[in-house]
Amino acid sequence: MSDQLNPEQNRAVQHISSPLLVLAGAGSGKTRVLTQKIAYLINHKNYDPKTIVAVTFTNKAAREMQVRAAKLLDKVTAKSIHVSTFHTLGLKLIRNKPAIYDRKTNFSIYDSGDSLSLIKDIMRRDYGDPGNLAERVQWQISDWKQQILTADDVTRAQFSDPVSTTASQVYTKYETALTTFNAFDFDDLIFKPVIKLKTDPEYRHEKQLAIRHLLVDEYQDTNLCQFEFIKLLNGAHSTFTVVGDDDQSIYSWRGARPENLTQLQHDFPDLEVIMLEQNYRSTGNILAAANKLIANNPHVFKKNLWSQYGPGDPITLFSCQDDEREAEQVIADMHHHQFQHRTQHGDYAILYRSNHQSRLFEQQLREKNIPYYLSGGLSFFAYSEIKDVMAYLRIVTNPDDDNALLRIINTPRRELGTNSVQKFVQFASDHQIRLVESMHHDALEKALTPRAYKRICELRDWLGHMNRLVETDSPDTLFLKIIGDLDYEAWLQDTMPDEQQAMRKIGNVHDLHDMIKRIANNNLDNTLSEIVSKLTLIDLLDRDDNDNSSNSVNLMTLHAAKGLEFPYVYLVGLEENILPHRNSIEEESIEEERRLAYVGLTRAKRKLTITYAMQRTRFGNTEKTEPSRFIEELPEETLQKRGVVSDLSGEERMQHGTHQLSQLRLLLKTE
């Protein structure tokens with residue numbers, strides 16, 4: 001059909017006689033196939049564009065598909081095609097006839113925060129629960145909806161664990177409340193149409209007649225509810241094309257079922273299967289490593305990716321003494337490579353398993369003044385515990401900082417209710433004075449309850465004491481004094497839903513402490529006020545840069561990297577208990593972790609570097625680590641080892657290091 005398509009892609013575009021599964025390997029041009037097929041159905045098979053529906057998972061992917069399709073069609077035709085996410089398609093069905101879903105036309109859609117607040121209110125009102133179980137109850141209700149279980153279904157079931165038992169009781173009241181408030185939650189946008197399509201044959205027939213061809217992207221990421229949604233929309237007079245890759249199914253934690261791909265063969269015996277194995281992204285060494293790695297997973301459909309780009313550079317495997325050296329080595333290597341090849345910052349990506357791994361790389365990039373863009377997670381300074389501690393440091397060093405005072409006034413809790421805080425703020429406003437000044441005002445006692453006034457005075461006196469210590473104590477000592485007086489770590493342990501979250505937040509506070517010590521040690525004349533100013537400036541610059549990632553080093557989790565590609569990729573922290581994750585090892589569910597590593601490998605276009613540390617520090621403890629088992633699964637002939645374990649002789653390593661150092665010095669002179 002097109003010179004732009006290879007034979008398998010052409011077959012996928014032109015096949016319309018039966019349901020079609022396209023198994024599209026990483027970088028094999030699946031979006032091109034989907035958009036070309038839309039154009040083929042309209043231009044060559046005279047399909048009405050209004051009867052073609054294409055669905056995917058993200059708004060970004062939907063927009064890309066719409067833009068590409070529009071280039072192959074005229075403007076009017078392109079606008080007639082429905083290209084959207086699953087949830088947008090469900091919303092379209094609901095908006096068509098909201099009354100059949102027991103809603104008025106002006107219904108609201110609750111996000112996760114709205115839903116959680118509603119569940120907390122129900123639990124507090126009806127069960128006297130302070131909300132400790134609310135998040136887990138919310139997750140359980142969401143999981144039931146993804147499994148197409150209604151409140152009535154759940155009520156009839158028996159549960160032994162307290163979360164499920166409580167959630168089964170809350171579910172009915174939650175659904176009643178949503179109806180009362182004329183609202184849907186996010187899951188409802190697919191769940192409610194699926195229930196209606198399953199239980200109302202006339203409605204199902206009407207919707208099936210409206211669709212002649214259905215195209216679905218990233219089918220391996222569908223959960224049970226989405227799987228049923230697609231089946232129910234496919235009628236006797238329509239066909240579908242689903243595109244997926246079982247090797248890139250990495251979202252089981254949110255309900256994705258890669259087995260949905262194989263289930264299609266059972267549900268549709270006339271299903272045609274076409275493999276797309278030619279890769280248009282990566283070099284031969286990268287693909288050979290990816291193929292060998294993923295071959296260790298069981299397969300119903302076996303693929304072998306290949307490209308016409310030749311073997312390319314070998315994969316560099318860097319072994320590092322510890323996690324700090326790992327970050328230093330990666331940034332130094334990137335700097336050296338950029339100097340050698342005159343590349344852009346945006347050509348590089350650092351990929352990791354978990355968000356906490358970004359910290360040391362962020363520090364190195366900031367110290368080297370290299371712009372970076374953090375995706376798939378919060379910046380370090382955006383975490384609530386870091387905002388809390390930074391607010392304390394700001395108010396201790398600058399008593400005029402009213403915003404900082406408002407942040408910490410009841411964190412950790414001082415038994416100051418919202419009403420008391422509002423009265424306190426109103427008092428300062430009425431007297432046209434700063435909040436700190438109002439704490440010393442004689443008339444404040446009359447404006448507050450005796451208990452609230454006592455708490456405000458205690459905070460006032462403590463802040464005054466800390467303000468005086470700024471002049472005498474070192475930044476390191478004062479930081480520890482503040483955290484100790486607040487008993488902040490104990491408060492985190494008491495308020496977090498589980499120990500793991502509490503320890504992660506405590507670890508972040510320790511990292512902030514280490515950062516302050518490092519800045520103080522670099523210049524002993526640095527006061528705490530100066531250090532806080534530097535940290536605040538880093539935060540503001542990071543925040544400003546987030547809107548422009550066009551020429552910044554990309555930092556992201558492997559989950560966030562799916563669907564993206566970069567010329568040069570650093571896959572870091574490839575160690576046991578990180579990738580594969582400790583939980584997966586304990587649960588003996590390694591296959592998805594291997595798929596996650598496979599996704600990381602196949603993001604690289606020209607050069608891939610893999611790193612691991614011999615020891616790693618977490619929560620103040622330094623532990624020895626083991627290289628990931630996935631490294632052993634990579635073909636030796638594709639690897640070039642560097643670092644502690646190296647293919648180079650001692651003399652070669654010295655020459656390589658001297659050459660790098662001389663080039664970096666030259667670079668520094670020219671900047």
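Keep in mind it's a predicted model, so treat the numbers as computed, not measured.

## Points about the sheet that holds strand 1 (residues 20-24)
- The 6 strands lie next to each other as 3-2-6-7-1-8, forming an open sheet whose pairing is parallel. The sheet terminates laterally at strand 3 (82-85) and strand 8 (272-276), the two strands that pair on one side only. Each neighbouring strand pair of the sheet contributes to a mean axis angle of 15 degrees, computed without reference to strand direction.
- Relative to strand 3, strand 2 (residues 52-56) is paired through 4 bridges, and the arrangement is parallel. When the sheet's bridge partners are listed, Thr56 is paired in strand 3 with Thr85.
- Where helix 1 (residues 7-14) meets the sheet, its contacts fall on strand 1 and strand 8, and the angle it forms with strand 8 comes to roughly 145 degrees.
- Against the sheet, helix 5 (residues 86-96) touches strand 2, strand 3 and strand 6 (213-216), its axis set at about 115 degrees to strand 3.

## A look at the nonpolar core
- In terms of nonpolar packing, the biggest core is built from 57 residues, with Ile141, Phe229 and Leu264 touching the most fellow members.
- Per-element tally for this core: the top contributor is helix 9 (residues 162-180), with 7 residues.
- Residues within four places of Leu264 in sequence aside, it is in contact with Leu21, Tyr219, Phe227, Phe240, Val242 and Leu271.
- If you look at the next biggest cluster of nonpolar residues, it comprises 53 residues, including Ile386, Phe427, Ile456 and Met466.

## What to know about the domain arrangement of the protein
- Along its sequence, the protein is carved into domain 1 (7-95 + 191-280), domain 2 (110-181), domain 3 (306-371 + 550-668) and domain 4 (383-544).
- Distance from the C-alpha centre of domain 1 to the C-alpha centre of domain 4: 52 Å.

## So, the sheet that holds strand 10 (residues 348-352)
- Strand order in the open sheet formed by 7 strands is 11-12-10-13-14-9-17, and the pairing between neighbours is parallel. This sheet does not close on itself; its edge strands, each paired only once, are strand 11 (372-375) and strand 17 (639-643). Strand-to-strand, the axes of this sheet are offset by a mean angle of 20 degrees, without reference to chain direction.
- Across 4 bridges, the pairing between strand 10 and strand 13 (residues 566-571) is parallel. The residue of strand 13 that forms the bridge with Leu351 is Leu571.

## Concerning helix 9
- Spanning 19 residues, helix 9 covers 27 Å between terminal C-alpha atoms, matching the ideal 27 Å at 1.5 Å per step.
- The axis of helix 9 is deflected most strongly, by about 30 degrees, at Val170.
- Buried within helix 9 are the following residues: Val163, Ser164, Thr166, Ala167, Ser168, Val170, Tyr171, Tyr174, Glu175, Ala177 and Leu178.
- For helix 9, the secondary structure elements touched by its buried residues are strand 4 (108-110), helix 6 (112-127), helix 7 (134-146), helix 8 (151-155), strand 5 (183-185) and helix 10 (188-199).

## Focus on the pattern of salt bridges
- For the structure on display, the rule yields 37 salt bridges.
- With its nearest N and O atoms 3.1 Å apart, the salt bridge here joins Arg11 to Glu272. Separated by 261 residues along the polypeptide, Arg11 in helix 1 and Glu272 in strand 8 bring together distant segments of the chain.
- On the accessibility criterion, Arg11 (44% relative accessible area) is partly exposed.
- In this structure, the salt-bridge partner of Arg594 is Glu633, at a minimum N-O distance of 2.9 Å. You can see Arg594 sitting in helix 29 (residues 591-601) and its partner Glu633 sitting in the loop between helix 30 (629-632) and strand 17, a full 39 residues away along the chain.
- Given a relative accessible area of 8%, Arg594 falls into the buried group.
- Residue Glu633 is classed as buried on the basis of its relative accessible area of 14%.
- In the salt-bridge network here, residues are joined through shared partners; they are Lys30, Asp217, Glu218, Asp221 and Lys562.

## A look at the packing of aromatic side chains
- Here the structure, examined in full by the defined rule, presents 8 aromatic pairs.
- Centre to centre, the rings of Phe57 and Phe86 are 5.1 Å apart; their planes meet at 55 degrees, and the pair counts as tilted. Residue Phe57 is found in the loop between strand 2 and helix 3 (59-70), and its partner Phe86 is found in helix 5; the two are separated by 29 residues along the sequence.
- Chaining the aromatic ring pairs together yields one cluster made of Trp144, Phe159 and Tyr171.
- The residue whose ring lies beneath Arg103 is Phe184, and the NZ or CZ to ring-centre distance is 4.4 Å.
- Looking at Arg212, its charged tip hangs above the ring of Tyr47, at a distance of 3.8 Å from the centre.

## Points about the side chain of Arg460
- On the secondary structure map, Arg460 appears in helix 22 (residues 450-469).
- Polar contacts involving the side chain of Arg460 include one to the main-chain carbonyl oxygen of Met439, which spans 3.1 Å.
- A polar contact of 3.1 Å, which involves the side chain of Arg460, links it to the side chain of Asp461.

## Things to note about the packing of helix 10 against helix 11 (residues 201-209)
- Packing of helix 10 against helix 11 leaves a shortest axis separation of 5 Å and a crossing angle of 110 degrees. Compared by their axis directions, helix 10 and helix 11 come out roughly perpendicular. Touching Lys196, Leu197, Lys198 and Thr199 of helix 10 are Pro201, Tyr203, Arg204 and Lys207, all from helix 11.
- Across the contact of helix 10 with helix 11, the residue classes tally to 3 nonpolar, 1 polar and 4 charged.

## Comments concerning the packing of helix 2 (residues 30-43) against helix 3
- Packing of helix 2 against helix 3 leaves a shortest axis separation of 9 Å and a crossing angle of 50 degrees. Taken together, the axes of helix 2 and helix 3 are oblique relative to one another. The two elements helix 2 and helix 3 cross, and the hand of that crossing is right-handed. From helix 2, Thr31, Arg32, Leu34 and Thr35 reach across to helix 3, where they touch Glu64, Met65, Arg68 and Ala69.
- Residues belonging to the contact of helix 2 with helix 3 are distributed by class as follows: 3 nonpolar, 2 polar and 3 charged.

## Topic: the pairing of strand 12 (residues 553-557)
- Burial of strand 12 is extensive: 5 of the 5 residues sit out of reach of the surface.
- Neither face of strand 12 is left uncovered, since the one carrying Val553, Leu555 and Thr557 and the one carrying Asn554 and Met556 both have all their residues buried.
- Note that strand 10 and strand 12 share 4 bridges and pair parallel. Bridge pairing in strand 12 places Tyr352 opposite Thr557.
- Across 4 bridges, strand 11 lies against strand 12 in parallel orientation.

## Quick word on the environment of His266
- In this structure, His266 sits in helix 13 (residues 259-267).
- For the pair His266 and Ser80, spaced 186 residues apart in the sequence, the C-alpha separation amounts to 33 Å.

## As for the environment of Thr180
- When you line up the elements, Thr180 lands in helix 9.
- Put simply, Thr180 and Arg103 are 77 residues apart on the chain and 8.9 Å apart in space, counted from C-alpha to C-alpha.

## Things to note about the environment of Ile119
- In this fold, Ile119 is placed in helix 6.
- According to the relative accessible area criterion, Ile119 is buried, its value standing at 1%.
- Residues Ile119 and Leu287, spaced 168 residues apart in sequence, show a C-alpha to C-alpha distance of 47 Å.
- If sequence neighbours within four positions are ignored, Ile119 has contacts with Ala134, Val137, Gln138, Ile141, Val170 and Tyr174.

Reading the values: the criteria
Residues numbered from 1 in each chain as written. Predicted model: local features only at pLDDT ≥ 70, side-chain atom pairs only at ≥ 80, totals over all residues. Heavy atoms only, no water. Pairing = 2+ DSSP bridges. Helix = DSSP H or I, 4+ residues; strand = E, 2+ residues; numbered from the N terminus. Axes fitted to C-alpha atoms, helices over the stretch in contact; angles between N-to-C directions. Contact = heavy atoms within 4.5 Å. Core = buried A, V, L, I, M, F, W, Y, C linked by side-chain atoms within 4.5 Å. Buried < 20%, exposed > 50% of the residue type's maximum accessible area, 1.4 Å probe, protein only. Domains from an automatic or database assignment. Expected span 1.5 Å × (residues − 1). Bend = angle between axes of the 7 residues up to and from the residue. Salt bridge = Lys/Arg side-chain N within 4 Å of Asp/Glu carboxyl O. Phe/Tyr/Trp six-rings, centres within 6.5 Å; stacked < 30°, edge-to-face > 60°. Lys NZ or Arg CZ within 6 Å of the ring centre and 35° of its normal. Polar contact = N/O pair within 3.5 Å; in protein donor to acceptor, adjacent residues only side chain to side chain. Parallel < 35°, antiparallel > 145°, perpendicular 65-115°, else oblique. Nonpolar A, V, L, I, M, F, W, Y, C, P; charged D, E, K, R; others polar. Left-handed = near helix turned anticlockwise from the far one by under 90°.

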